[in-house]
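Residue-level structural notes
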Amino acid sequence: MGEKPGLRLRIFLFFGLIATGSVAAMMAAVLVAARHAPPETIPDLVLAFAVAAFPTVALTLWVWLKFDETVARPILTLAAEIQAALHAGARGALAPETGRFIEPLASTARAVIDTLAAHRERTDEAVAAAVADAARQRGRLEAVLRDIEEGVVICNLDHRIRLYNRHALQILHVSGDLGLGRSLLSVVSPQPIRHSLQRLVRRFESGRHVDHPDGLTALVIVTTLDRRRQLRGRMVLTLEQEGTKAAGYIISFGDVTNELSAGVWRDRLLHEATEDMRQRVSNLALAGEVLIGRLPPGDRRTDALRHVFVEEPAALGLRLDQLDGAASDLLASAWPMANVLSTSLLTMVRERRSEGRDLDVEIEGGSLWLHCDGATVVDLLDRMMNRIAIYARTPTFRLGTGRGERLAFLDIKWRGDGVPLDVLTVWLEERLDDALGPITGADVLKRHHSDVWCQEGGDGWTVLRMPLAIVETREGRPIAQLPERPEFYDFDLSAAVDRLAIVDAPLKALTLVVFDTETTGLEPSRGDEIIQIAGVRIVNGRLLRGEVFDSYVDPGRRIPSASTKVHGISDDMVSGADSIERVLPRFHAFVGDAVLVAHNAAFDMKFLSRGAGTAGVAFDTPVLDTVLLAAHLFGATTSLTLDSLAERFQIVIPTEDRHTALGDSIATALVLIRLIDMLDAAGVTTLRDALAVSERQVSIRRAQKAY
Amino acid sequence: MQDTVLVAAGGSATALAMEFLLSDEGFTVYRAEDRDGVHGELDAGACRVMILDAAFPDGGGFPLLEALRCDPATKRLPVVMLIARCGYVETEKARALGADAVVEKPFAGPDLVDIVRRLARRPQARTPRVLELADDGRHAMMHHG
């Protein structure tokens, strides 16, 4: 804008300069002439000057005006038009005769303006086309979503809603509009969503999604804002186009409120009912036994009736167990239980920091696959840790995974006072993070059929322990026949015989513990160790259902893979188990003063005596060997393997239990019961008799070996 | 001196049946209805073995077991826990809290008697009494051995 006067002013000044200069030159010429001219010629000179000067100035002025009109102004106009075209996209009404006199410039400028406008138009068209295309695609997607029954919501990694369908609105119970760009976390309970996304992102980043059965999906259960409905969602992680980074997720919801509450209600009803039934049956059975016991003995019918009071409650107990199990399965399918690695869970507990306390938390020990609802378990453990921090006044914790006979344990360890069950009960009644919905710690435990308690952890640690189901992955075992263990005849049976009064008791009345071990190999003197011990008790000729001993043992050495192929026990199954020094005393306590029995007892006893020395216990009760007893009855020429004896007595051992310590113990026990019956018929009635015939078998075999 | 057994079991039916069962087998049986009763009987005399029902009224069986194990006087008292739920969790909990044996209902009488007998034979400084705890307040039969 400031240019306008500038250019024209400059041109004017230029012409003015020409005019002024010419006039000045003329004046100077006249003055020079007047210097030497007679005074009467001065007026003529002045006139001459005027005649020259005025036309000059007039001409200059006229040329300037023309120049201004035909060059300066058009230039300025053109400049303005170009500016307008540049900045405002105007096409400009450029009069064709404008700039006639500055021709190359004018037409070029016009061409430039036209091209600019054309480009602009094309760009606008392209943008409009792209926008229309996107709108079309979105319309198609919305049409698809409309037809899906479930509520679908698509979000980015910040949980901002990118797209959703009408059903989502209904299911999520949101009045009005969900609003694109709104956070999903403000519409449903946020913690399960956060937790699942975290898990999926971790799974993707560590590459585990390739082998994982769920791939990039996860189940999640949330509650709606009004806390009245519970929704089950399936979350899928979406990736960017190259597939290298997570972009967001799609989540599809279904309403499971009725299903869940019905399930919970049904579960509770069943559990209460079975528990009550157990109590009642137990009372009935006991009362019946007492009455029977008071009848005169010796009557066969009384014995048969007594039998009823023993067998029927046991059978009913089994039935109730089955019922319980079925109920649990029903409920479990509704909740999002998944297989989680225990260290992942514990890491999430450490990172949870829900109360912002400054705790020093370390994670130790091995890792196990657990079957649980990760989000709630993490919250529960976090809450417990926070409460313990105040109660025991300690900021230092260690989180670990332990392994029992059939359960895994999540342990919170600290140094300080233990928490009594009564206090734990109060803590468990508290609502957990509201983000999960209205559930308490007790609800979480109930859902997992679990519990928590405090116990000593050794080395001055106190432990809060929560048991959970393990997901066992056993190695496949070959069906082919495997060689039986070598037989040992160095074992001296007669040592303990005379000392005990039970020696003259009938075999049928004895308390026997039938046991079996699994080991790293077949050579006890060459560094092989026990990795599993199991035992079952026989009392009065009956295998006791409820009392079994079954324990893994950490052998402190590697298990050879050939050995694992036999019994299916691998190194990670025994890591975290107690060592032999701690297991043997427990086994010793389990045995008490019962008579020990095993199939090929000398082999197991060799291992047992080695461990017993270091553990500080002694197994000095008499030992019977089912191989030797069977040899006495059937002769040494027939096969005396556990499989053949079981077959002979038509005892069925399920294949998955064969070559487990517990399975073999039970099989041996059942074989033993039959053997005792047959021995009784053959005149071998007391323990002394049994030991005697065993000794004879040993010497026969020794003699045979000598050949 | 007869072996004395303390039965702490909610429900008079259970308590009664166990009392008969055990006394027929030669034990002296005491019953207690609540925690005060338990402590009363344990303080007054010595019990060889205690049978404790997990469904014990007045706070539950597990907390009572926990309390008994904290008290040095009853720390080594042999305790048999009766649980109604089959499951490894209850068994594990009972064991972790210090029970010496766990019996699931329903159980065979002779099995319980065998267990009690075995635990009673454990060397002990005192002879504990067996307390039976009924939840309906019947304190009728109180033997002192």
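Structure: see above.
Residues numbered from 1 in each chain as written. Chains lettered and ligands numbered in written order. Predicted model: local features only at pLDDT ≥ 70, side-chain atom pairs only at ≥ 80, totals over all residues. Heavy atoms only, no water.

**With respect to the overall build of chain B**
The condition that has to hold: Secondary structure elements are taken from DSSP: a helix is a run of H or I of four residues or more, a strand is a run of E of two residues or more, and numbering for both begins at the N terminus. For each residue, the accessible area found with a 1.4 Å probe, counting protein chains only, is set against the maximum for its type, and the residue is called buried under 20%, exposed over 50%, and partly exposed in between. The contact definition used throughout considers only heavy atoms, calling two residues in contact when any of these lie within 4.5 Å. For the area figures, the Shrake-Rupley method with a 1.4 Å probe applies, and any residue is considered shielded solely by the protein chains shown.
The helix and strand inventory of chain B stands at five helices and five strands. Going from the N terminus to the C terminus, chain B shows its helices and strands as β-α-β-α-β-α-β-α-β-α. Each of the 145 residues in chain B was classed as buried or not, and the buried ones make up 59%. Here the analysis covers contacts within chain B between residues at least 6 apart in sequence; of these, 74% occur between residues at least 24 apart. Split by element, the accessible area of chain B, about 5,300 Å² in all, is 51% carbon and sulfur.

**With respect to empty space enclosed by the protein**
Residue and element names in this part refer to chain A. Stated precisely, the cut-off is as follows: Of the two site types, the cavity is a set of points on a 1 Å grid over the protein atoms alone where a 1.4 Å probe fits but cannot get out, and the pocket is an open set with protein on both sides within 12 Å along at least five of seven lines, each lined by residues with an atom within 4 Å of a point. Grid points are joined across faces, edges and corners, and a volume is the space filled by probe spheres set on the points. Note that Gly is not counted as nonpolar here; it falls among the polar residues with everything else outside the nonpolar set of Ala, Val, Leu, Ile, Met, Phe, Trp, Tyr, Cys and Pro and the charged set of Asp, Glu, Lys and Arg.
Under the criterion given, the structure shown has three cavities of 30 Å³ or more. Estimates place the volume of the second largest cavity at around 60 Å³. Around the second largest cavity sit V349, R350, R353, G356, R357, L359, V361, D382, M385 and N386, which together line it. For the lining of the second largest cavity, the element with the most residues is helix α9 (residues 374-391), which contributes three residues. A per-class count over the lining of the second largest cavity returns four nonpolar, two polar and four charged.

**Side note on the pairing of strand β10 (residues 407-414) of chain A**
Residue and element names in this part refer to chain A. Spelled out, the test is: When DSSP finds at least two bridges between two strands, those strands are taken to pair.
In terms of burial, β10 is largely enclosed, as eight of its eight residues are buried. Alternating positions in β10 separate into two faces, L407, F409, D411 and K413 on one and A408, L410, I412 and W414 on the other, with burial throughout. As judged from the six bridges shared by strand β9 (residues 396-403) and β10, these two strands associate in the antiparallel manner. Bridging across to β10, G402 finds its partner in F409. From the end of β9 to the start of β10, which pair antiparallel, there are three residues. When β10 meets strand β12 (residues 461-469), the two strands line up antiparallel, connected through eight bridges. Across the sheet, residue K413 finds its bridge partner in β12, namely V463.

**Observations concerning the pattern of salt bridges**
Under the convention used in this document: What counts as a salt bridge is simple: a side-chain nitrogen of Lys or Arg found within 4 Å of a carboxyl oxygen of Asp or Glu.
Applying the stated criterion across every chain, the model contains 30 salt bridges over all chains. Residue D3(B) pairs with R48(B) through a salt bridge whose shortest N-O separation is 3.6 Å. With D3(B) in the segment before β1 (4-8) and R48(B) in the loop between α2 (35-44) and β3 (49-53), the pair connects residues that are 45 residues apart, well separated along the chain. We classify D3(B) as partly exposed; its relative accessible area is 27%. Residue R48(B) is classed as buried on the basis of its relative accessible area, which comes to 13%. Beyond isolated ion pairs, a larger network of salt bridges with shared partners links E362(A), E364(A), R398(A) and K413(A).

**Some remarks on the sheet that holds strand β5 (residues 246-255) of chain A**
All names here are of chain A. Going by this rule: The axes are straight lines fitted to the C-alpha atoms, using for helices just the contacting stretch, and the angles between their N-to-C directions are given from 0 to 180°.
Pairing in this open sheet of five strands is antiparallel, and the strands run β2-β1-β5-β4-β3 from one edge to the other. The outermost strands of the open sheet, each flanked by one partner alone, are β2 (161-164) and β3 (217-223). Strand after strand, the sheet turns through a mean of 25° between neighbouring axes, direction not considered. As defined by bridge partners, strand β1 (residues 151-156) adjoins β2 across three bridges and the pair is classed as antiparallel. Paired with V153 across the strands is Y164, a residue of β2.

**What about the side chain of T668(A)?**
All names here are of chain A. Defined as follows: Polar contacts, as used here, are pairs of N or O atoms within 3.5 Å; protein pairs need one atom able to donate a hydrogen and one able to accept it. Residues neighboring in sequence count only if both atoms are side-chain atoms.
Positionally, T668 belongs in helix α18 (residues 661-681). Side-chain polar atoms of T668 contact the backbone oxygen of D664, separated by 2.6 Å. Residues in contact with T668, not counting those within four places in the same chain, are V514, A598, H599, T626 and L642.

**Quick word on the packing of aromatic side chains**
Residue and element names in this part refer to chain A. Stated formally: Centres within 6.5 Å make a pair out of two Phe, Tyr or Trp rings, where for Trp the six-membered ring is used; the pair is then stacked when the planes are under 30 degrees apart, edge-to-face when over 60, and tilted otherwise. Here, over-ring charges are defined by two tests on the NZ atom of lysine or the CZ atom of arginine: distance to the ring centre within 6 Å, and angle to the ring normal within 35 degrees.
All told, the structure shown has twelve aromatic pairs over all chains when counted by the stated rule. When the centroid spacing of 6.1 Å and the interplanar angle of 75° are considered together, the rings of F14 and F15 count as edge-to-face. Residue class for F14 comes out exposed when judged on its relative accessible area of 51%. What makes F15 buried here is its relative accessible area of 10%. Centroid distance F587 to F619: 5.9 Å. Interplanar angle 50°. Geometry classified as tilted. Here the residue F587 occupies a position in helix α14 (residues 580-591), and F619 occupies one in the loop between α15 (601-615) and β17 (623-625), the gap between them amounting to 32 residues. Ring pairing ties together the aromatic residues F515, F549, F587, F590 and F619, which thus form one cluster. Across from the ring centre of F590, 4.6 Å away, lies the NZ or CZ of R537, which sits over that ring.

**Some remarks on the interface of chain A and chain B**
To keep it simple, the criterion reads: Put simply, buried area is how much 1.4 Å-probe accessible surface two parts lose in total, over both of them, once they are put together.
If you look at the interface, chain A gives 43 residues, while chain B gives 35 residues. Of the roughly 3,400 Å² buried where chain A meets chain B, counting both sides, 56% is carbon and sulfur surface. For K93(B), the salt bridge identified is with D451(A), shortest N-O distance 2.5 Å. Where chain A packs against chain B, one counts six residue pairs in polar contact (both at pLDDT 80 or more). Secondary structure elements with two or more residues in the side of chain A that touches chain B: α6 (257-293), α7 (300-334), β10, α10 (421-428), β11 (453-458), β14 (530-539), β15 (542-552) and α14 of chain A. For the side of chain A that touches chain B, the element with the most residues is α6(A), which contributes eleven residues. Of the residues belonging to the side of chain A that touches chain B, the class tally is 18 nonpolar, nine polar and 16 charged.

**A word on unusual backbone geometry**
Cis geometry is found at the peptide bond from K105(B) to P106(B), where omega equals -5°. By the secondary structure assignment, P106(B) is in the loop between β5 (101-104) and α5 (109-120). Look at R393(A): it is not a glycine, yet its phi comes out positive at around 55°. Positionally, R393(A) belongs in the loop between α9 and β9. Although it is not a glycine, D58(B) sits at a positive phi angle of roughly 65°. Assignment of secondary structure puts D58(B) in the loop between β3 and α3 (61-70). On the accessibility criterion, D58(B) (43% relative accessible area) is partly exposed.

**Re the pairing of β1(A)**
Residues and elements named next belong to chain A. Most of β1 sits out of view: six of its six residues are buried. Residues G151, V153 and C155 of β1 are buried on one face, and the alternating residues V152, I154 and N156, pointing to the opposite face, are buried as well. The antiparallel pairing of β1 with β2 creates a hairpin that spans four residues between the two strands, and H159 there sits at a positive phi of about 65°.

**Here's the deal with the side chain of T626(A)**
By secondary structure assignment, the location of T626(A) is in helix α16 (residues 626-634). Contact partners of T626(A), with chain neighbours within four places excluded, come to V597(A), A598(A), H599(A), N600(A), T668(A), L672(A) and L675(A).

**Digging into the packing of helix α1 (residues 12-24) of chain B against α5(B)**
Residue and element names in this part refer to chain B. Condition: Should the near helix be turned anticlockwise from the far one by less than a right angle, the crossing is left-handed, and should it be turned clockwise, the crossing is right-handed.
It is the contact of α1 with α5, at a shortest axis distance of 10 Å, that shows an interaxial angle of 65°. In this structure, the crossing between α1 and α5 has a hand that is right-handed. For the pair formed by α1 and α5, the contact residues are M18, L21 and L22 on the first element and G109, L112, V113 and V116 on the second. Partitioning the contact of α1 with α5 into residue classes produces six nonpolar, one polar and no charged.

**Examining the sheet that holds strand β2 (residues 28-31) of chain B**
Residues and elements named next belong to chain B. Within the open sheet, the five strands sit side by side as β2-β1-β3-β4-β5. Their pairing is parallel. Single-partner strands in this sheet number two, and they are β2 and β5. Put simply, the sheet's adjacent strands are angled 20° from each other on average, direction ignored. Two strands pair when backbone bridges link them, and β1 and β3 are joined in this way by four bridges, in the parallel orientation. What sits directly across from V5, in β3, is V49. Along the sheet, α1 contacts β1, β2, β3 and β4 (79-83); its crossing angle with β2, the most-contacted strand, is approximately 165°.

Purely geometric numbers; function is a separate question.
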